[in-house]
Amino acid sequence: MILVTGGAGFIGANFVLEWIAAEGTPLVNLDKLTYAGNLGNLQSLARDARHIFVQGDINDRKLVAGLLAQHRPSAIVHF
């Protein structure tokens, strides 16, 4: 399990898609969905349980702390 921030943008979404295809392990994708984030980039993962999407801001300490405590990721990849 890894945590990806900004994973709905162009570069982040391509990383997420490649990770799921190559590694096959789950990830949590945290994205604020501002001008660059687009869930359409991840449409192929809409029903894939390995992709956990959370709409939120990395500046929200409570949210991030909760995600870290709940999912205990081995790495964080920030886009």
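Further up the page is the structure itself.
The following paragraphs examine the structure supplied in this document. (Residues numbered from 1 in each chain as written. Predicted model: local features only at pLDDT ≥ 70, side-chain atom pairs only at ≥ 80, totals over all residues. Heavy atoms only, no water.)

1. Examining the sheet that holds strand 1 (residues 2-5)
- If you trace the four strands from one edge of the open sheet to the other, you get 3-2-1-4, paired in parallel fashion. The open sheet terminates on both sides in strands that have one partner only, identified here as strand 3 (51-55) and strand 4 (75-78). Strand after strand, the sheet turns through a mean of 20 degrees between neighbouring axes, direction not considered.
- Strand direction decides the pairing type here: strand 1 and strand 4, joined by four bridges, are parallel. Bridge pairing links isoleucine 2 to alanine 75 in strand 4. (Pairing = 2+ DSSP bridges. Helix = DSSP H or I, 4+ residues; strand = E, 2+ residues; numbered from the N terminus. Axes fitted to C-alpha atoms, helices over the stretch in contact; angles between N-to-C directions.)

2. A few points about the pattern of salt bridges
- One pass over the structure, following the stated rule, counts two salt bridges.
- For aspartate 57, the salt bridge goes to lysine 32, with nearest N and O atoms at 3.2 Å. Of this pair, aspartate 57 sits in the loop between strand 3 and helix 2 (61-71) while lysine 32 sits in the loop between strand 2 (27-31) and strand 3; the two residues are 25 residues apart in sequence, bridging distant segments of the chain.
- Among the residues examined, aspartate 57 registers a relative accessible area of 23% and is labelled partly exposed. (Salt bridge = Lys/Arg side-chain N within 4 Å of Asp/Glu carboxyl O. Buried < 20%, exposed > 50% of the residue type's maximum accessible area, 1.4 Å probe, protein only.)

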